[in-house]
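# Secondary and tertiary structure notes
As a plain string of letters, each chain reads:
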Amino acid sequence: MPAANVAKYDWIIALISIFFCVSSFGNGANDIANSYATSVAARTLTMPQVGFLSMITEFVGAVALGNRVTGTIKNGIITIDRFKPSPGVLILAMGCAEAGSATWLIIATRAGFPVSTTQTVVGALVGVGFAASAPIKWRWATGSVSQIAASWAIAPILAAAFAALLFATLKFGVLERKDPFQKAMRAIPVYLAFTCAILALFLVVEAPNAPSLEEFGAGKAAGIVLGVFFGCLAIAYIFFVPYFHRRLVKEDSRIKFWHIPLGPMLWKEDPYIYFPAKDDRVVVDHYENAYLTAASSSSDVASSTDSMKNSATEGSTALEKGETSLHQRAVASKRIIEPEDRFLAPVAHLSILNPKRVFGYVKFILLQGVTRDCVSHDSIALHATHERAKRYDNKVEHLWTYAQVLSAMIMSIAHGSNDVANAVGPWVAAYNTYQDGTVTSSTSTPIWILVIAGFLLGAGFWFFGFHIMRSLGNRITQLSPTRGYAMELGAAITVLLASRLALPVSTTQCLVGATMGVALMNLDARAVNWRQLAFILCGWILTLPCAGLISGLMMVMALNTPHL
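Residues numbered from 1 in each chain as written. Predicted model: local features only at pLDDT ≥ 70, side-chain atom pairs only at ≥ 80, totals over all residues. Heavy atoms only, no water.

For the structure shown, the criterion picks out one cavity of 30 Å³ or more. Within this model, the largest cavity holds a volume of roughly 30 Å³. In terms of lining, the largest cavity is formed by Ala 41, Arg 43, Glu 288, Ala 290, His 386, Asn 474 and Gln 478. The class makeup of the residues in the lining of the largest cavity is two nonpolar, three polar and two charged. (1 Å grid on protein atoms, 1.4 Å probe; cavity = no way out; pocket = protein on both sides within 12 Å on 5 of 7 lines; lining within 4 Å. Points joined across faces, edges and corners; volume = space filled by probe spheres on them. Nonpolar A, V, L, I, M, F, W, Y, C, P; charged D, E, K, R; others polar.)

This is the structure in structure tokens:
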């Protein structure tokens, strides 16, 4: 039951609940791409695969590892004492902050700006702090505005250094050595084990409910890391090495990742293979040209449109007759079909009430976000940038796809656990104040709201995340699994180190910096799309003022609205 002194503000709770859903949705749409963009750009994972993985990893991170205690004011950026005499004003302030944060996240995502969700909510709180005349933490201190501004340079530089160092070990130790595949087969178990060890340390230190490293003990942490390293090294030699040998050395195209559990049996000359794959390709071409000329794309669209018109005139579609479908023609022309052509165009000639057309629209609504092409482009300048990057053996690249996916999943779980508070925090502060009638410095987070937030994070990426996937990844440089692995692990190490040094960094900024660092390892500045980096930087700079302006104006209008 609500407290008597704030019971009349139930309408604000209703509004902030709506904006909480929008904020969680926008958070997932914008931030999840940080974890998976390199995997999609390197053709390690497809968009539907990432959609399913992100729904699982974000939900697990938010519900299993999410904060059970949320600070009322994010980072203590504004002073809570200002609201103690009037708890209702705090409810209003949190409502305006949630609305401002949600609005900016949706705008930034639609524009393709990969922004920091933490800095978005901090900017929104600064805005309401201005409007409510609350003191704001400007001076250099943990979580201060000055530290956040400094992170625009700190995070990318640190991540670029770590990612470049990681890729350098691969480049000079494996990729550019004589017989790189043989070197890679020897090195991959160690890299897999090292990745698992680093990510285990990441979870031990960064889990929101875990004790600090000092409380936990450096000895215990080291024991866990070493145990994970040697345990995963043994698993790699027992299961992964035979799998790699059968698939890449023997070039057995029947073998896919679900055959890894067969382990030592794959050393046999003719092992039993359950569910053998029917794909003739041994590995994916990770360097397949992503450049589509405008002429070829236009001709594909024109021919598709003409075929639709002809089939509409005849009263039946080629799909119904079993003839060559639009999808088959698209595959033949190496053009990834967009959801409008896949789901809507084949039924456009049917009546609006026709079940097939209705089903086409349902499929479009549910699947349009994970069936879009986030790899191909028609930019001549970007094509020239990609051409400056070195190409390596596809079989060697394939070996690192597994470590890349693992690091992406763990980064996504970490995002769900840490950044869920960005959307949940203002709502929890308002809700608990509404329940208790008093303002407190920290509030407990109900598990059911974490469940809702975890689902909405994954749903945000599923329906809307493709905008950011297009901005990151190969829009900055040519990507491949080895490069993507170095980027993701470099970003994870940067976040881990920055946390220990109390430096405010964003996973978005870390990944962009890591991408830049690996791109520069081509030893050619023209292998980096500097225009895209400038575009991303603009999004970072705009985040604080825009989120603050939206929430601040709403707060000012609400506080000064005339009434009878």
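Picking up after the structure, the text goes on.
Our focus in this paragraph is helix H1 (residues 10-41). With 32 residues, H1 extends 46 Å between its outermost C-alpha atoms, agreeing within 8% with the 46 Å of an ideal straight helix rising 1.5 Å per residue. If you look at H1, its biggest bend is around 55 degrees, right at Ser 35. Just downstream of H1 lies Arg 43, where phi reads positive at about 65 degrees. (Helix = DSSP H or I, 4+ residues; strand = E, 2+ residues; numbered from the N terminus. Expected span 1.5 Å × (residues − 1). Bend = angle between axes of the 7 residues up to and from the residue.)

The largest bend along helix H8 (residues 218-249) reaches roughly 40 degrees and is located at Ala 236. Of the residues flanking the end of H8, it is Glu 251, one or two places downstream, whose phi is positive at about 55 degrees.

What follows covers the confidence of the model for the chain. Detailed conclusions should not be drawn from predicted coordinates in areas where pLDDT is low. In this model, the chain carries a mean pLDDT of 83, and residues with pLDDT of at least 70 account for 87%. Across residues 294-327 the pLDDT falls below 50, and counting only partners more than four positions away or on other chains, this stretch makes 29 contacts in the model. A low-confidence stretch, residues 330-334 (pLDDT under 50), is modelled with four contacts involving residues beyond four sequence positions or located in other chains. (pLDDT = per-residue confidence, 0-100. Contact = heavy atoms within 4.5 Å.)

In this fold, Gln 119 is placed in helix H4 (residues 117-131). Separated by 18 residues in sequence, Gln 119 and Ser 101 have C-alpha atoms that sit 9.4 Å apart. Beyond its immediate stretch of four places on either side in the chain, Gln 119 contacts Ile 148, Ser 151, Trp 152, Ser 506, Gln 509, Thr 543 and Leu 544.

Right, let's get into the packing of helix H3 (residues 87-111) against helix H21 (residues 530-559). One way to put it is that H3 packs onto H21 with a least axis distance of 8 Å and a crossing angle of 145 degrees. Crossing angle aside, the handedness with which H3 passes H21 is right-handed. Contacts between H3 and H21 involve Val 89, Leu 92, Ala 93, Cys 96, Ala 97, Ala 99, Gly 100, Thr 103, Trp 104 and Ala 111 from the first element and Phe 535, Gly 539, Leu 542, Thr 543, Cys 546, Ala 547, Ile 550, Ser 551, Met 554, Met 555, Ala 558 and Leu 559 from the second. Across the contact of H3 with H21, the residue classes tally to 17 nonpolar, five polar and no charged. (Axes fitted to C-alpha atoms, helices over the stretch in contact; angles between N-to-C directions. Left-handed = near helix turned anticlockwise from the far one by under 90°.)

Leaving glycine aside, a negative phi is the common case for residues, and trans is the common case for peptide bonds. A positive phi angle is found at Ser 133, which is not glycine, with a value near 60 degrees. In this structure, Ser 133 sits in the loop between H4 and helix H5 (145-175). You will see that Leu 523, though not glycine, has its phi angle at about 60 degrees, which is positive. Summarising the element assignment, Leu 523 is placed in the loop between helix H20 (507-520) and H21.

This part takes up the side chain of Glu 488. Its location among the elements puts Glu 488 in helix H19 (residues 481-500). Here Glu 488 is buried and forms no salt bridge, its nearest opposite-charge partner Arg 483 lying at an N-O distance of 13 Å. Side-chain polar atoms of Glu 488 contact the side chain of Ser 407, separated by 2.7 Å. Dropping the residues within four chain positions of it, Glu 488 is found in contact with Ser 35, Thr 38, Ser 39, Gln 404, Ser 407, Ala 408, Met 411 and Leu 511. (Buried < 20%, exposed > 50% of the residue type's maximum accessible area, 1.4 Å probe, protein only. Lys, Arg positive; Asp, Glu negative; His and termini not counted. Salt bridge = Lys/Arg side-chain N within 4 Å of Asp/Glu carboxyl O. Polar contact = N/O pair within 3.5 Å; in protein donor to acceptor, adjacent residues only side chain to side chain.)

Within this structure, the stated rule accounts for 14 salt bridges. Between Asp 252 and Arg 246 there is a salt bridge whose closest N-O contact spans 3.9 Å. Note on accessibility: Asp 252 and Arg 246 belong to one class, buried. Here the salt bridges do not stand alone but share partners, grouping Glu 338, Glu 340, Arg 372 and Arg 470 into one network.

Let us look at a nonpolar patch on the surface. On the surface, Phe 59, Ile 447, Trp 448, Val 451, Ile 452 and Phe 455 cluster together to form a nonpolar patch covering roughly 520 Å² of accessible area. The element best represented in the nonpolar patch is helix H17 (residues 447-464), accounting for five residues. Structurally, the position occupied by Trp 448 is in helix H17. Taking relative accessible area as the criterion, Trp 448 reaches 43% and is therefore assigned partly exposed. (Patch = residues over 30% accessible without salt bridge, like charges linked within 9 Å, V, L, I, M, F, W, Y side chains within 5 Å. Areas by Shrake-Rupley, 256 points an atom, 1.4 Å probe, with all protein chains shown as cover.)

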